[in-house]
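Here's the letter readout for the chains.
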Amino acid sequence: MIVPPKEFFQFCAKHVSVLRELEQRSNGTDLSEAEIANIVQHHALDSDEQPAFVIKQLKNLRILVSADQTEGYFLMAEPVRGILRYLLE
């Protein structure tokens, strides 16, 4: 599945705080659906985006990838982590 660069970067620009916390919290560990939902809810914007939509986009844009067969746990994709580290450090 190809990720559209424009959509990817627009989403990332809008959700920097979510991405930063996901990167910090997933530092080598899996994140559960509940943990991801809590992070997204904590950083919810005053917009029309629902947290469920943000979570879906995190997966569709392959920012979060499945860490196990059950798809109950996720990791931040390494290329995304690399970009964030480069930009934020």
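The rules behind these values
- Residues numbered from 1 in each chain as written.
- Predicted model: local features only at pLDDT ≥ 70, side-chain atom pairs only at ≥ 80, totals over all residues.
- Heavy atoms only, no water.
- Buried < 20%, exposed > 50% of the residue type's maximum accessible area, 1.4 Å probe, protein only.
- pLDDT = per-residue confidence, 0-100.
- Helix = DSSP H or I, 4+ residues; strand = E, 2+ residues; numbered from the N terminus.
- Pairing = 2+ DSSP bridges.
- Contact = heavy atoms within 4.5 Å.
- Axes fitted to C-alpha atoms, helices over the stretch in contact; angles between N-to-C directions.
- Core = buried A, V, L, I, M, F, W, Y, C linked by side-chain atoms within 4.5 Å.
- Salt bridge = Lys/Arg side-chain N within 4 Å of Asp/Glu carboxyl O.

We now examine unusual backbone geometry. Not every positive phi belongs to a glycine, and arginine 62 is a case in point at roughly 60 degrees. On the accessibility criterion, arginine 62 (40% relative accessible area) is partly exposed.

Moving on to the confidence of the model for the chain. The predicted model of the chain has a mean per-residue pLDDT of 89, with 96% of residues at 70 or higher. Taking the mean pLDDT of every element in the chain, the minimum, 90, falls on helix α5 (residues 78–88) and the maximum, 95, on helix α1 (residues 5–14).

It is worth spelling out the sheet that holds strand β2 (residues 64–66) at this point. Within the open sheet, the three strands sit side by side as β1-β3-β2. Their pairing is antiparallel. Every interior strand has two partners, whereas the edge strands, β1 (31–32) and β2, have only one. In the sheet, β1 pairs with strand β3 (residues 73–76) via two bridges, with the strands oriented antiparallel. Looking across to β3, one finds that serine 32 is bridged to tyrosine 73. The strands that helix α2 (residues 16–25) touches are β1, β2 and β3; relative to β3, the one it contacts most, it runs at about 105 degrees.

This brings us to the nonpolar core. By size, the foremost hydrophobic cluster in this structure holds 22 residues, and its most contacted members are Leu22, Ile36, Leu58, Ile63 and Met76. Within the residue set of this core, elements represented by two or more residues are α1, α2, α3 (33–42), α4 (51–60), β3 and α5. Setting aside residues no more than four positions away along its own chain, leucine 58 makes contact with Phe11, Val18, Leu19, Leu22, Ile36, Val40, Ile63 and Leu64.

Right, let's get into the pattern of salt bridges. Once the charged atoms of two side chains with opposite charge are near each other, the side chains can pair. Applying the stated criterion across every chain yields a total of seven salt bridges. In this structure, glutamate 21 engages arginine 25 in a salt bridge whose closest nitrogen and oxygen atoms are separated by 2.8 Å. Taken together, the residues span about one helical turn, with glutamate 21 and arginine 25 both in helix α2 at a distance of four residues. For glutamate 21, a relative accessible area of 18% translates into the label buried. A salt bridge links glutamate 33 to lysine 59, with the shortest nitrogen-to-oxygen separation between them at 2.6 Å. A residue pair is termed long-range when its members are at least 10 positions apart, and glutamate 33 in helix α3 and lysine 59 in helix α4 qualify at 26 residues. Given the relative accessible area of 26%, lysine 59 is considered partly exposed.

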